[in-house]
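Observations on the model geometry
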Amino acid sequence: MAPAAPVRTDVLVLGAGLAGLYAALAAARRGAGVLLATKGSLQASNSYMAQGGVAAAVAADDSPADHAADTIAAGRGLCDPAAVGLLVAEGPGRIADLEDLGVRFDRDAAGGYRLGREGGHGRRRILHADGAATGAAVAGALIARVASEPRIRVLEHTAALALAGDGGACTGAWLLGHDELRPARARMTLLATGGAGALFQRTTNPPGAVGDGIAIAYRAGAAVRDMEFVQFHPTALAGGGRAFLISEAVRGEGAHLVDAGGRRFMLGVHPDAELAPRDVVTRTIEALLARGGEAYLDLRHLDRGHVLGRFANLAAGCRRAGLDLAADLIPVAPAAHYLMGGIATDLDGATSIAGLYAVGECAATGVHGANRLASNSLLECFVFSHRAVAHGMAAGVAAAEPGRSPLRPLARAPLADLRRRMWEGAGPVRSEEGLTALLAWLGERADSNPALVAGLIAGAALRRTESRGGHLRSDLPDTDPDQARSTTCPPLHSTV
Ligand SMILES: Cc1cc2nc3c(=O)[nH]c(=O)nc-3n(C[C@H](O)[C@H](O)[C@H](O)COP(=O)(O)OP(=O)(O)OC[C@H]3O[C@@H](n4cnc5c(N)ncnc54)[C@H](O)[C@@H]3O)c2cc1C
């Protein structure tokens, strides 16, 4: 395919989840021309599906220090305290900015925020919008703002294939969309392409979440780190591959986790019982399922009107599965949900390649460590997109010629097979034997984005010879204090 003429812009944003939308608006409000290209529609993102909300220390009895302490405790020794400090300190300001942009967080009759509580948080700290449909509400408001912003040009159904470079700096990307391969040249390129949960057979993520941005950046020579840390959410509806998430917010409102005999199995496991951090709850449920048991969410003791009002979208999802959220036991099991690792960045979202920034779930800023605290990911999108745009626009590289076009577009991966093998080999419970077999199979596959990112996850999981946070090894169940450090994946080769 002969490339079309280059398109020029000040800031190129790749991906239209909340990280990309917010970055595009931040750049436009600073006067930049923005090209926002996204693989699917503006609504096709993990962000749009987010349920529980956004964590931020906005309550009078809360503080950034308390939020930081909970984040660092959940991160199992691997959080970067400086990154966490920025996240929690700048969070309330970003919430105020979102409200200026038209986001309406749920409030009570007196006008105060209705704050939810989720696992690992020592208090109610989660802002939500439209009950448990926070992602659609927030993204919907930002999409409306993007549509009314003349400085932003949107290209839907347009995927980034590769980065364009010039002498070690990133100067844009190659875009494929609408039957056209086209180079985009920019002073600042920002990857906001999301995570890789859809590499696993059982996942809460939409099918497109296969780690494209991480693969693209890694091929270009960017540092990638902490890929072994995948968060498996404990309470997705049991059965099937694409798993409907039952937000942790229901446990924040008092839902219990019970076994087939009605016993609350989290009691005695952790002082916060059902509100223990996610890695603890997931491990407990995995162990229960491995013994042939079953796990259920039980909301039957809660006020039916409150449950159905506060969690209307969850009730609708359960109804589609033939279940009544307020009246039935809801069978749950872990599912791949969030990638803590990703493209290594500094505190301004800058990657190891000049001119290239990464924000949101594709980035590893250090805020999540080995186990993300619930509802910190949306906050991370806002805080670090804002920082990256401020930094990148000040330090932009010259928009040079795009160079050679990528040799071939995205290779096809045998996705169904890959997802099954990833679940078996690198899922919630891993072992040297399973990871080695997975890597051998992956090594024979085409150089597609999914296979490359799967290999990064499995390789990092094999190299981490301990269990920590989202990374559980059945053959090495203990945490090794000597491995309390972040690890970078071995470099490939630089193409920019
Ligand atoms: C069901 C569910 C519920 C969740 N609930 C919460 C919650 O309540 N609170 C919370 O903090 N977190 C929650 N999370 C996690 C959170 O939604 C994500 O971590 C966050 O939205 C990531 O935002 P993002 O902008 O980085 O990526 P995404 O929202 O995933 O967006 C990625 C974008 O990049 C695009 N893209 C991908 N590849 C390419 C490519 N090659 N070229 C161009 N574009 C590309 C995609 O199409 C998409 O537009 C939830 C996740 C799920 C799945």
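Everything numeric in this text was worked out from a predicted model, so none of it was measured. (Residues numbered from 1 in each chain as written. Predicted model: local features only at pLDDT ≥ 70, side-chain atom pairs only at ≥ 80, totals over all residues.)

Turning next to the nonpolar core. In this structure, Ala23, Ala24, Leu190, Ala217, Ile343 and Val359 are the most contacted members of the largest nonpolar core, which totals 163 residues. Every residue in contact with alanine 23, bar those within four places of it in the chain, is listed here: Val13, Leu190, Ala192, Val359, Ser385, Ala388 and Val389. (Core = buried A, V, L, I, M, F, W, Y, C linked by C-beta atoms within 7 Å. Buried ≥ 20, exposed ≤ 12 C-beta atoms within 10 Å, placed from the backbone. Contact = placed C-beta atoms within 7 Å.)

Looking now at the site of the ligand. Not every one of the 42 residues close to the ligand is listed here, only the nearest: Gly15, Gly17, Ser47, Gly194 and Gly360. Contributing elements (two or more residues each) for the shell around the ligand: α1 (18-29), α2 (46-49), α5 (134-147), β7 (158-166), α6 (212-219) and α11 (376-394). When residues in the shell around the ligand are grouped by element, the largest group, four residues, is from α11. Taken together, the residues that form the shell around the ligand break down as 16 nonpolar, 23 polar and three charged. (Near = placed C-beta within 6 Å. Helix = DSSP H or I, 4+ residues; strand = E, 2+ residues; numbered from the N terminus. Nonpolar A, V, L, I, M, F, W, Y, C, P; charged D, E, K, R; others polar.)

This part covers α5. For α5, spanning 14 residues, the distance from its first C-alpha to its last is 20 Å, which sits close to the expected 20 Å at 1.5 Å a residue. Within the sequence span of α5, burial applies to Thr134, Gly135, Val138, Ala139, Leu142 and Val146. In a view along the axis of α5, the buried residues occupy a sector of 100°, so they form one face of it. α5 presents Ala144 and Ala147 as exposed residues on the side facing more than 90 degrees away from its buried surface. Looking at the buried positions of α5, the neighbouring elements they touch are α1, β2 (34-37), α2, β3 (54-55), α4 (81-100) and β6 (152-155). (Expected span 1.5 Å × (residues − 1). Arc of directions from axis to C-beta.)

Its domain assignment divides the chain into domain 1 (7-227 + 337-394), domain 2 (233-335) and domain 3 (410-483). When each unit is reduced to the centre of its C-alpha atoms, the spacing between domain 1 and domain 3 is 25 Å. Taken together, the 21 residues of domain 1 in the interface contact 19 residues of domain 3. When residues in the side of domain 1 that touches domain 3 are grouped by element, the largest group, four residues, is from α6. When grouped by side-chain class, the residues that make up the side of domain 1 that touches domain 3 number 13 nonpolar, five polar and three charged. (Domains from an automatic or database assignment.)

The subject of this paragraph is the sheet that holds β3. In space, the three strands of this open sheet follow the order β3-β5-β4, with antiparallel pairing throughout. On the outer flanks of this sheet lie β3 and β4 (115-116), each paired with one strand and no other. In this sheet, strand β5 (residues 126-127) lies alongside β3 in antiparallel orientation, the contact comprising two bridges. Across the sheet, the residue bridging to valine 54 is leucine 127, located in β5. (Pairing = 2+ DSSP bridges.)

A separate point is the sheet that holds strand β17 (residues 363-364). The three strands lie next to each other as β10-β15-β17, forming an open sheet whose pairing is mixed. In the strand order of this sheet, the two ends are held by β10 (224-225) and β17, each with one partner. Sheet analysis places β10 next to strand β15 (residues 342-344), joined by two bridges and oriented antiparallel. Pairing of arginine 225 across the sheet is with glycine 342, part of β15.

This next bit is on unusual backbone geometry. Despite not being glycine, histidine 157 has its phi angle at roughly 50°, a positive value. With respect to the helices, strands and loops of the structure, histidine 157 is situated in the loop between β6 and β7. Take histidine 157: there are 13 C-beta atoms within 10 Å of it, and that puts it in the partly exposed class.

A separate point is the pairing of strand β14 (residues 329-339). For a regular strand, the rule is simple: side chains alternate between the two faces of the sheet. Buried residues dominate β14, accounting for nine of its eleven residues. In the sheet, strand β11 (residues 230-237) pairs with β14 via six bridges, with the strands oriented antiparallel. Bridging across to β14, leucine 237 finds its partner in valine 332.

Let's shift gears to the packing of α6 against helix α14 (residues 449-463). Two packed helices can be described by the angle between their axes and the distance between those axes. At their nearest, the axes of α6 and α14 sit 9 Å apart, and the two run at 80° to each other. It follows from the interaxial angle that α6 and α14 lie roughly perpendicular. Every residue of α14 that contacts α6 at Asp212, Ile214, Ala215 and Tyr218 is listed here: Asn449, Leu452, Val453 and Leu456. Split by residue class, the contact of α6 with α14 holds six nonpolar, one polar and one charged. (Axes fitted to C-alpha atoms, helices over the stretch in contact; angles between N-to-C directions. Parallel < 35°, antiparallel > 145°, perpendicular 65-115°, else oblique.)

Glancing now at the environment of tyrosine 113. Here tyrosine 113 shows up in the loop between α4 and β4. For tyrosine 113, a count of 19 C-beta atoms within 10 Å translates into the label partly exposed. Along the chain, tyrosine 113 and alanine 59 lie 54 residues apart, while their C-alpha atoms are 8.1 Å from each other. Once residues within four sequence positions are removed from consideration, tyrosine 113 is found in contact with Val58, Phe105, Arg107 and Leu127.

A word on the packing of α1 against α11. Running from amino to carboxyl end, α1 crosses α11 at an angle of 35°, the nearest separation of the two axes being 8 Å. Seen from above, α1 lies across α11 with right-handed handedness. For the pair formed by α1 and α11, the contact residues are Leu18, Ala19, Tyr22, Ala23, Ala26 and Ala27 on the first element and Leu378, Cys381, Phe382, Ser385, His386, Ala388, Val389 and Met393 on the second. Within the contact of α1 with α11, the residues separate by chemical class into twelve nonpolar, two polar and no charged. (Left-handed = near helix turned anticlockwise from the far one by under 90°.)

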